[in-house]
Each structure stands twice: as C-alpha cells, then as structure tokens.
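Coordinates in review
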Amino acid sequence: MRETLVLNASFEPLSTVSLRRAVVLVLQDKAVVEQAHPGLRVRAAAVELPVPQVIRLCRYVRVPFRRRAPWSRRGVLVRDRHRCAYCGRRATTVDHVLPRSHGGTDTWLNTVAACAEDNHRKADRTPEQAGMRLLSKPFEPTPADALVLALGLSGREALPEWLPSPGARVPASA
C-alpha cells in the first residue's frame, strides 16, 4: 500500500498516512493534493482524483515540538538510501563507525549503512584502523527530513520546490 506524506497548513511535514486515509481526507475537504503520482488516478462511481503522494491539511494543526528523529536501523538504511558508506554498493547492514566494543553507541552520527562484505572487513575497528574511507559523513535527520526520506521523495526531481530537501549527504573529507 502506498504511503502519503501529510503536510500541515504551513507546509511542515507532519506524518505519513495510507493512501486510503489520504483519499478520505481529500474527499472530506480536510486536505488538498499538493503532489500526485504521475499518471495514476483513484476512481469511484461518482469521483475521480489523482493518487496523492503529498497532501496538505486545510487547517493548521498544532503539534508538540519534536526535537529529534528517533534512531533506528531501518532509519539509517533509509537515510543512506540503502547504499554502503564505504563502497557505494547496496547496503543491507548497519555499521558502527566507532564500534560498540570501543564505546560506540546507536546514534545517527555513529552509524552508517554498509554492505555485509565491508561490515565484515571493517570488523571491530574504526575506519582509519581498517584502512577504509567513508564516502559520506553520517548526519542526524530532523523529524521532517526523516518523514520525507522514508517516503523515498529525496530526489530533487521528485520534490516540489516548496518542500525543503532533506539534509543532503555531505562528502567526507579526505
């Protein structure tokens, strides 16, 4: 089932909802479609509308302040777009830059996506000790960035100009 990004009336990302819930919000005039999947439409007996990818609420909803996006293994893989931080191939594991056995923790800035081969090769060492170089620095996404990244809307061509681009991956310095 497709996920739809929900924006507040102020264009701030709030959450994701199922396609069904997004369509209900639009049909009840509680939200408007800001971006739709190209060429896809939802059809019913008396209504036809584009399949929403991003919807915006018509009324502003006050939400409690969210400081940080919660860390998760899945979140690290999504943040790094399932690409190995060491070689660029498809990543299936999460590697701790500073290994847990050396005091490293499960944080956004200490974990990167890695392919199984590079994760095994680095083993219980830092990248410097293993003679490996990070292709990009890990970063901590904001809660809004985490929502946008989770939907796979990170490509500039897929994002409207009014939606801020998630924290761009910063190349690691040599």
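Anything mentioned here points back to the structure above.
Quick look at the structure, then. For clarity, every value in this text was computed on a predicted model and none was experimentally measured.

Thoughts on the overall build of the protein
Assigned secondary structure in the protein consists of five helices and six strands. The long-range share in the protein, meaning contacts at least 24 apart out of those at least 6 apart in sequence, stands at 60%. With the model as given, the accessible surface of the protein reaches about 10200 Å², and the carbon-plus-sulfur share is 54%.

Here we look at the packing of aromatic side chains
This structure, assessed with the given rule, holds zero aromatic pairs. Above the plane of the ring of Phe 139 lies Arg 79, whose end atom (NZ or CZ) is 5.6 Å from the centre.

Considering the sheet that holds strand 3 (residues 31–43)
Pairing in this open sheet of four strands is mixed, and the strands run 2-1-4-3 from one edge to the other. Where the open sheet ends on each side, the last strands, each with one partner, are strand 2 (13–18) and strand 3. Averaged over neighbouring strand pairs, the angle between their axes works out to 35° when direction is ignored. Set on the sheet, helix 1 (residues 19–27) makes contact with strand 1 (3–7), strand 2, strand 3 and strand 4 (48–57); between it and strand 4 the angle comes to about 90°.

Here we look at the side chain of Lys 122
Along the polypeptide, Lys 122 turns up in helix 3 (residues 116–122). Aside from chain neighbours lying at most four places away, what touches Lys 122 is Tyr 86, Asp 95, His 96, Val 97, Pro 99, Pro 127, Ala 130 and Met 132.

Section: the nonpolar core
Leu 77, Cys 84, Tyr 86, Ala 91, Val 112 and Leu 134 are the most contacted members of the largest nonpolar core, which has 17 residues in total. Broken down by secondary-structure element, the contributors of at least two residues to this core are helix 2 (73–79) and strand 6 (111–114). The element that contributes the greatest number of residues to this core is strand 6, accounting for three residues. Among the nonpolar cores identified, the runner-up in size contains 13 residues, and Val 6, Leu 19, Val 26 and Ile 55 belong to it.

Criteria and cut-off values
- Residues numbered from 1 in each chain as written.
- Predicted model: local features only at pLDDT ≥ 70, side-chain atom pairs only at ≥ 80, totals over all residues.
- Heavy atoms only, no water.
- Helix = DSSP H or I, 4+ residues; strand = E, 2+ residues; numbered from the N terminus.
- Contact = heavy atoms within 4.5 Å.
- Areas by Shrake-Rupley, 256 points an atom, 1.4 Å probe, with all protein chains shown as cover.
- Phe/Tyr/Trp six-rings, centres within 6.5 Å; stacked < 30°, edge-to-face > 60°.
- Lys NZ or Arg CZ within 6 Å of the ring centre and 35° of its normal.
- Pairing = 2+ DSSP bridges.
- Axes fitted to C-alpha atoms, helices over the stretch in contact; angles between N-to-C directions.
- Core = buried A, V, L, I, M, F, W, Y, C linked by side-chain atoms within 4.5 Å.
- Buried < 20%, exposed > 50% of the residue type's maximum accessible area, 1.4 Å probe, protein only.

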